[in-house]
Amino acid sequence: MPLDVTDYTWSQTDSTIHLSVPLKGATVRKVDIVSTEEYLKVHFPPFLFEAFLFEPVDDDRSTARIGNGVAVFTLPKKTCKVWERLMITTDDKETKKEIRERALLKQQQKLSAESKQKGEKQQAEKKYALETMMKLEKEERDRIEKMKEAEREKTTAELAAWQLRQKQKAEEAQQKQNHQIQQAGSTDIPGNRLTDIVKNKQDHRNSKTKKIQPQLPPPRRCGNIAVTFTPRVFPTALRESLVPEEEEWLKKQAEARRAVSAEVEELQDLTEEERNHDWLKQKGDKCFTNGDYVGAVNAYSLGIRLNGKIPALYSNRAACHLKLRNLHKAIEDSSKALDLLTPAVPANSAARVRASIRRGSAFCQLQLYAEGLQDYEAALKIDPHNEALQEDAQIIRDIIQGSAGQNETQ
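As the structure is a computational prediction, the values presented were derived from the model and not from experiment.

Participant: Help me understand the overall build of the protein chain, please; the structure alone is not making it clear to me.
Facilitator: Across its full length, the protein chain carries 10 helices and eight strands. By residue count, 24% of the 410 residues in the protein chain fall in the buried class. In the protein chain, 51% of the contacts between residues at least 6 apart in sequence involve partners at least 24 apart. Of the accessible surface of the protein chain, which amounts to about 30,300 Å², a share of 53% is contributed by carbon and sulfur atoms.

Participant: Would you mind showing me how to read helix α5 (residues 293-306) here?
Facilitator: For α5, which comprises 14 residues, the first-to-last C-alpha distance of 20 Å matches the rise-based estimate of 20 Å (1.5 Å per residue) to within 8%. Regarding α5, the residues found buried are G295, A296, V297, A299, Y300, L302, G303 and I304. Buried residues in α5 make contact with α4 (277-289) and α6 (311-323).

Participant: How should I be thinking about the layout of surface pockets in this particular structure?
Facilitator: Over the atoms, a rolled probe matching the size of one water molecule traces out where space is still vacant. If you add up the space inside the second largest pocket, you get close to 310 Å³. Taken together, 14 residues form the lining of the second largest pocket, with D4, L48, E50, F52 and K96 sitting closest to its centre. Counting only elements with at least two residues in the lining of the second largest pocket, the list comes to β6 (47-52) and α1 (93-187). The element best represented in the lining of the second largest pocket is β6, accounting for four residues. Each residue belonging to the lining of the second largest pocket can be placed in one class, and the counts come to nine nonpolar, one polar and four charged.

Participant: Teacher, can you tell me more about the side chain of D333 here?
Facilitator: By the element assignment, D333 lies in helix α7 (residues 327-340). Using a relative accessible area of 4% as the deciding quantity, one classes D333 as buried. A distance of 2.7 Å separates polar atoms of two side chains, one belonging to D333 and the other to R317. When sequence neighbours within four positions are dropped, the list of residues in contact with D333 reads Y314, R317, A318 and H321.

Participant: Looking at this structure, how should I read the sheet that holds β6?
Facilitator: One key point about sheets: their strands pair by backbone hydrogen bonds, in either a parallel or an antiparallel sense. What the four strands build is an open sheet, ordered β1-β6-β5-β4; its pairing is mixed. Only two strands of the sheet have a single neighbouring strand rather than two, namely β1 (3-4) and β4 (32-35). Pairing geometry for strand β5 (residues 39-44) and β6, over six bridges, is antiparallel. Bridge pairing in β6 places Y39 opposite F52.

Participant: Help me understand the packing of aromatic side chains, please; the structure alone is not making it clear to me.
Facilitator: For any pair of aromatic rings, the description consists of the separation of the ring centres together with the inter-plane angle of the planes. Considering all chains together, one arrives at five aromatic pairs under this definition. With 5.4 Å between their ring centres and 65° between their planes, F288 and Y293 make a pair best called edge-to-face. Using a relative accessible area of 26% as the deciding quantity, one classes F288 as partly exposed. Relative accessible area serves as the criterion here: at 23%, Y293 is assigned to the partly exposed category. For the cation-ring pair, K24 lies above F47, with the distance from its terminal atom to the ring centre recorded as 5.5 Å.

Participant: Help me understand the packing of α4 against α6 in this model?
Facilitator: When two helices pack together, their arrangement is given by the angle between their axes and by how far apart the axes lie. Interhelical geometry of α4 versus α6 gives an angle of 20° and a closest axis separation of 11 Å. Relative to α6, the element α4 lies roughly parallel. Considering the relative orientation of α4 and α6, their crossing is left-handed. Between α4 and α6, the residues in contact are K281, D285 and F288 and A312, L313, N316, A319, C320 and K323, respectively. A class-by-class count of the residues in the contact of α4 with α6 yields five nonpolar, one polar and three charged.

Participant: What is the right way to look at the pattern of salt bridges in this model?
Facilitator: Oppositely charged side chains may form a pair once their charged atoms are brought near each other. Under the defined criterion, the tally for this structure stands at 18 salt bridges. Between E84 and R85 there is a salt bridge, and its shortest N-O distance comes to 3.6 Å. The exposure class of E84 is exposed, given its relative accessible area of 63%. Its relative accessible area of 32% is what places R85 among the partly exposed residues. Connected through salt bridges with shared partners, the residues E137, K283 and K286 form a single ionic network.

Participant: Looking at this structure, how should I read unusual backbone geometry?
Facilitator: Apart from glycine, the bulk of residues carry a negative phi angle, and the bulk of peptide bonds sit in the trans form. The omega angle of the peptide bond from P45 to P46 is 5°, so this bond is cis rather than trans. Going from T342 to P343, the amide bond is cis rather than trans, its omega being 0°. Phi angles above zero are rare outside glycine, and R325 is one such case at about 65°. Looking at where R325 falls in the secondary structure, it is placed in the loop between α6 and α7. Looking at R325, the relative accessible area reads 52%, which means it is exposed. Of note in this structure, Q367 is not a glycine but carries a positive phi near 65°. Inspection of the secondary structure puts Q367 in the loop between α8 (349-365) and α9 (369-382). Classification of Q367 by relative accessible area gives exposed; the value is 61%.

Reading guide: rules and limits
Residues numbered from 1 in each chain as written. Predicted model: local features only at pLDDT ≥ 70, side-chain atom pairs only at ≥ 80, totals over all residues. Heavy atoms only, no water. Helix = DSSP H or I, 4+ residues; strand = E, 2+ residues; numbered from the N terminus. Buried < 20%, exposed > 50% of the residue type's maximum accessible area, 1.4 Å probe, protein only. Contact = heavy atoms within 4.5 Å. Areas by Shrake-Rupley, 256 points an atom, 1.4 Å probe, with all protein chains shown as cover. Expected span 1.5 Å × (residues − 1). 1 Å grid on protein atoms, 1.4 Å probe; cavity = no way out; pocket = protein on both sides within 12 Å on 5 of 7 lines; lining within 4 Å. Points joined across faces, edges and corners; volume = space filled by probe spheres on them. Nonpolar A, V, L, I, M, F, W, Y, C, P; charged D, E, K, R; others polar. Polar contact = N/O pair within 3.5 Å; in protein donor to acceptor, adjacent residues only side chain to side chain. Pairing = 2+ DSSP bridges. Phe/Tyr/Trp six-rings, centres within 6.5 Å; stacked < 30°, edge-to-face > 60°. Lys NZ or Arg CZ within 6 Å of the ring centre and 35° of its normal. Axes fitted to C-alpha atoms, helices over the stretch in contact; angles between N-to-C directions. Parallel < 35°, antiparallel > 145°, perpendicular 65-115°, else oblique. Left-handed = near helix turned anticlockwise from the far one by under 90°. Salt bridge = Lys/Arg side-chain N within 4 Å of Asp/Glu carboxyl O.

Put into structure tokens, the structure is as follows:
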């Protein structure tokens, strides 16, 4: 049962109550204060001070200061008058219980409202920061587009001017050649080279016209052949297709359409740019580079909701979870990325190495060294000349061998 504090002191003016409660050596962290218009409680185990106030006070303007072993309260009165006493004199336990419960309910409602207001303020600040960042990025893109457009117009103008100059040069050369030919024809000097060239060309054209055209056979009669085809979803012929793989592809497409249609209402507030998974991946990469791992996780997660078949989104989110020490989630995302990186081809070898290393690192941080070594060895099979990877794998082997040696000695 708590001990009542009776050695408090108080004073008043027409508008304010000043109250001092000794804390008897209690630290600030152990002091619990509840204050409403008609009730004041100061609890620091094993002591308790309760005040059922004589008149209501303004709780919004009330203040409390703790220091030098004393809690000092300043309670503005709602009605400017002198109180006869600090607390009511009733000994009715039911009345006090009702006042106490009403005060605690008001305190809970006040704390809930403050928490809600704080959350709304944080959400508004995050939204404003995101909008500001997107606005800056849009301005940067617009600036780059303007520079590209200006450079494109400049290049187009230079190309047009160059083409015009080439055309003028060609016309001048043609006019000069025609003038020379005319001069050669008018003189008709025997042995003139230009005259001989013109005559040779004319003789060549005349000889072509004199050639006898070969007689071609008459065209064949035409006809129509009716051909029927089996209706198919894919454009390839049935003999060139694999039916099980096609059915699996159609099933995946149907699942993707159902998933997208289920999230349409939820994603209506997003802009067209925010619905682009490539843009979200770049956004997540930028947040990861800046150390904002939570923001990067949010960007990758939204990209996965839009398109859950991109292994890079899962692998990059696994890297973020490693930074945030969400090791089980890192293992789950790395495994998903490895499942999507099939079949194993040289084009996705680097991505498979990264996903294997991230899952192996998560296993090792969970002290599951055998599973982690399997992933590191799988990465070494893909990239056997990676010296850093070889060193990490050897460290894990040494840890496993050291643990086995300790168990044998025990």
